[in-house]
Structures are given as C-alpha cells and as structure tokens.
Amino acid sequence: MQDIPRLSKKERLILDHLIHQGEAFGLELVKASSGELKRGTVYVTLSRMADKGYVESRQVKERDENGPPKRAFRATGHGARVFHAWEMAQTAWVGGLA
Amino acid sequence: MPSVGWRIAAFGGVIVSGLIPALYTTTLWAYFPYKFARLLSSYPDFLSVYRLGALCLGSAGLGGFCIGLAFLVINSQARSLNKPPGNLLAAASEFFSRRVRTEVLEPTLRDMLDEHIEALAEFHATGRNLYLWKARIVVARGYWSFGTVVIAQTPLSFAKWILKLWKAV
C-alpha cells in the first residue's frame, strides 16, 4: 500500500483555496488565509509545492505594465488528488476516534 | 531629485556637523544651568568665551540638524510619491538563480509595488496623510518580507547546490 504524500498545514490551506476558488495570486492567498499565510513565506511554500507537483504557475504581465510580472498559481491534478486523499484520510481518522 | 550619493553625503553631513554639537548643547543646557547663570553674571574670561563659542556652535548645529532632518523628511515624502520602491531589492535578487528570482523574489516585489500604488492612489483620492503612512508601512513590510524570503530560501538553494555538486562529483 502506498502512503499518502504528506501535506503541511500551509500546503493544505493553499490547495484548499486553489481547488475551490480557482487560480490565484500569492497576495490573494495571503489575504484569504486571514493571517495563516505570511507575505514573506507564501512564495517559498508555493515554490516547494511546485517542486512536489502540487501546483503550477504562470507569469501574468499586461502590455502596458511596469515592474516585475505577477505570478498566478493553480492546483495540478496531482495536487487535487493528494488533497482529496488527505481529506478522506482525515475524515476516516476523525470518524475512527468518534 | 538628488542622487543616492548626494543623499548619503547630506545625511552624513547632518549627523557629523549637527548632531554632535546639538547633543553637546543639549547636555549643557540640561545639566549646567547654574554654570551658565554664572557665566552670564561674571566677567568674561578665556574659559567663558570658549563656552559661549561652544554654545553658539551647538545652537547653530541644533538648528542645522533640525533643518537637515526636515529636508530629509520632505525629500522622503517627495520620493515616496514619485519613485517606485524596491529598486535595491530588484538589484539584490540578481544574486539568486533565475528560477528563484522569477518564482519567489519578483512576485514578492510585485506585491509590495501593488500595495504601495494602491495606498498612494487612496492618498491622492482622499488627501489623507494616513494613506501616505500606509504606503510607507507597505514598503517597510515589503523589505521585511523580502528579507524573510531570502532567509527562508537561502538554505534550500545552498542545499540544492551542494546536492548538484555532489552528483557531479
């Protein structure tokens, strides 16, 4: 039997938002998390999640915009499967305790 | 708008020429009122003239310091309105790999710029200084976030570099 990949609290929060709300920018994730995610660490977490294949990103730059481009993130199929597996495991564990 | 070199020179000049005499004068005024009373009521001698000179110099320094500080504050206001922040951070991000730069550092900078512009737009719309301070806080928070990102990312980048080197060997 293959183990479920591990998900940290921040990763669960990000995947939850990306799966249910769709594509989002880092700052939107920070604002939606009501203090759980910080501006300084959200992109590091997202980068690590991209390494694991949970999320993917693309640059968003409009034609007449100055400054560095924005980056939008969305959950991959693998990320969504891991999240749902984690949710099911959590539900089963909580059900087992009750 | 003065260049960075001129700003540093002006700030250094203010500190050296103003702050030290200003502190000296403040100390004299605060701790030696009795001696000044004696100085004014007695015949001037060499030491008294020296002290009077020090007092004048210190007062001039205090004035210069206040003017310099006001100049820096006004100038910083003008800068916050006219020039986008983060140039220094953008230059610092060049030290990292392309991937870290594009996926981690640039979005952090971009968020800071967006929030800064948003706060300045509110300032222009309402004319309330509160939003100007908000813009400054956003910049300070942006620098803090950037530092956090660098601290969080550097060990990971270093570990990956070591692993790459190990595999190559």
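Rules used throughout
For every chain, the first residue of the written sequence is number 1, and numbering continues from 1 along that sequence. The order in which chains are written sets their letters, starting at A; the order in which ligands are written sets their numbers, starting at 1. Per-residue local features of the predicted model are confined to residues with pLDDT of at least 70, and side-chain atom pairs are confined, for both listing and counting, to 80 or more; whole-chain, interface and lining totals are unaffected and use all residues. The secondary structure listing takes helices from DSSP runs of H or I that are at least 4 residues long and strands from runs of E that are at least 2 residues long, numbered from the N terminus. Residues are defined as contacting one another if the C-beta atoms placed from their backbone atoms lie within 7 Å. Any residue outside Ala, Val, Leu, Ile, Met, Phe, Trp, Tyr, Cys, Pro, Asp, Glu, Lys and Arg is labelled polar, Gly included; the first ten of those are nonpolar and the last four are charged. The exposure scheme places C-beta atoms from the backbone and then counts, for each residue, the other C-beta atoms within 10 Å of its own, assigning buried at 20 or more, exposed at 12 or fewer, and partly exposed in between. If DSSP finds at least two bridges between two strands, the strands pair. Interaxial angle, 0 to 180 degrees, is taken between N-to-C directions of lines fitted to C-alpha atoms, where a helix line uses only the stretch in contact. Definition of nonpolar core: a set of buried Ala, Val, Leu, Ile, Met, Phe, Trp, Tyr and Cys residues joined via C-beta atoms within 7 Å. The pLDDT value expresses, per residue, how confident the predictor is, ranging between 0 and 100. Note on terminology: angles under 35 degrees are roughly parallel, angles over 145 are roughly antiparallel, angles of 65 to 115 are roughly perpendicular, and the others are oblique. What a helix is expected to span follows from its residue count: subtract one and scale by 1.5 Å. To obtain the arc, one takes the directions from the helix axis to the C-beta atoms. Fitting axes to the seven residues that end at a residue and to the seven that start at it, the angle between those axes gives the bend at that residue.

A few words now on the overall build of chain B. Looking only at helices and strands, chain B features six helices and zero strands. Along chain B, helices and strands appear, N-terminal first, in the series α-α-α-α-α-α. Look at the contacts in chain B between residues 6 or more apart in sequence, and 71% of them connect residues 24 or more apart.

This part takes up the interface of chain B and chain A. Many analyses report the size of an interface as the accessible area lost when the parts associate. At the interface, 18 residues of chain B touch 14 residues of chain A. Secondary structure elements with two or more residues in the side of chain B that touches chain A: helix H5 (98-126) and helix H6 (129-168) of chain B. Considering every element that reaches the side of chain B that touches chain A, the biggest residue donor is H5 of chain B, with 10 residues. Each residue belonging to the side of chain B that touches chain A can be placed in one class, and the counts come to eight nonpolar, four polar and six charged.

Here the focus is the pairing of strand S3 (residues 70-75) of chain A. The two faces of a sheet get side chains in turn, since along a regular strand they alternate between them. All names here are of chain A. Only one face of S3 is buried: it carries Arg71, Phe73 and Ala75, and the other face, with Lys70, Ala72 and Arg74, is open. Here two bridges tie strand S1 (residues 24-25) to S3, and the two strands are oriented antiparallel to one another. Following the sheet pairing, Phe25 is matched in S3 by Ala72. Note: strand S2 (residues 55-60) against S3, six bridges, orientation antiparallel. Bridge assignment links Glu56 to a residue of S3, and that residue is Arg74.

A few words on the environment of Glu118 of chain B. As for its placement among the helices and strands, Glu118 of chain B is situated in helix H5. As for Glu118 of chain B and Ala135 of chain B, which are separated by 17 residues in sequence, their C-alpha atoms are 8.1 Å apart.

Take the sheet that holds S1 of chain A next. All names here are of chain A. Judged by pairing direction, the sheet is antiparallel, and its three strands sit side by side in the order S1-S3-S2 without closing on themselves. If you trace the sheet from one side to the other, it starts and ends with S1 and S2, each paired once. Of the strands in this sheet, S1, S2 and S3 are in contact with helix H1 (residues 9-21), which crosses S3 at around 85°.

A word on the nonpolar core. Grouped together as the largest cluster of nonpolar side chains are 31 residues, with contacts concentrated most on Leu46 and Val55 of chain A together with Val149 of chain B. Broken down by secondary-structure element, the contributors of at least two residues to this core are H1, helix H2 (26-32), helix H3 (42-52), S3 and helix H4 (77-97) of chain A together with H5 and H6 of chain B. Top contributing element to this core by residue count: H5 of chain B, with six residues. When sequence neighbours within four positions are dropped, the list of residues in contact with Val149 of chain B reads Gly40, Tyr43 and Val44 of chain A together with Val104, Leu105 and Thr108 of chain B.

All names here are of chain A. Backbone geometry places Ser34, a non-glycine residue, at a positive phi of 45°. Relative to the helices and strands, Ser34 resides in the loop between H2 and H3. Taking the number of C-beta atoms within 10 Å as the measure of exposure, Ser34 has 7 and is therefore exposed.

What follows is about the confidence of the model for chain B. Across chain B, pLDDT averages 74, with 62% of residues at or above 70. Across chain B, the secondary-structure element scoring lowest on mean pLDDT is helix H2 (residues 33-41) of chain B, at 62, and the one scoring highest is H5 of chain B, at 88.

Looking now at the packing of H1 of chain A against H3 of chain A. Residues and elements named next belong to chain A. Packing of H1 against H3 brings their axes to within 11 Å, and their N-to-C directions diverge by 80°. Taken as axis vectors, H1 and H3 run roughly perpendicular relative to one another. Side by side, H1 and H3 meet where Lys10, Glu11 and Ile14 of the first sit next to Thr45, Leu46 and Met49 of the second. Grouping the amino acids of the contact of H1 with H3 by side-chain chemistry returns three nonpolar, one polar and two charged.

What follows deals with H1 of chain A. Residues and elements named next belong to chain A. With 13 residues, H1 extends 18 Å from end C-alpha to end C-alpha; this agrees with the ideal 18 Å at 1.5 Å per step. Those residues of H1 lying buried are Lys10, Glu11, Ile14, Leu15 and Leu18. Around the axis of H1, the buried residues are gathered within 125° of arc, so they sit on the same side. Turned more than 90 degrees away from the buried face of H1, the exposed residues are Lys9, His20 and Gln21. In the stretch just after H1, Gly22 is the one whose phi turns positive, near 90°.

Glancing now at H6 of chain B. For H6 of chain B, with 40 residues, the first-to-last C-alpha span of 57 Å sits near the 58 Å given by 1.5 Å per residue. Maximum bend of H6 of chain B: about 30°, positioned at Gln153 of chain B, with proline Pro155 of chain B one to four residues after it.

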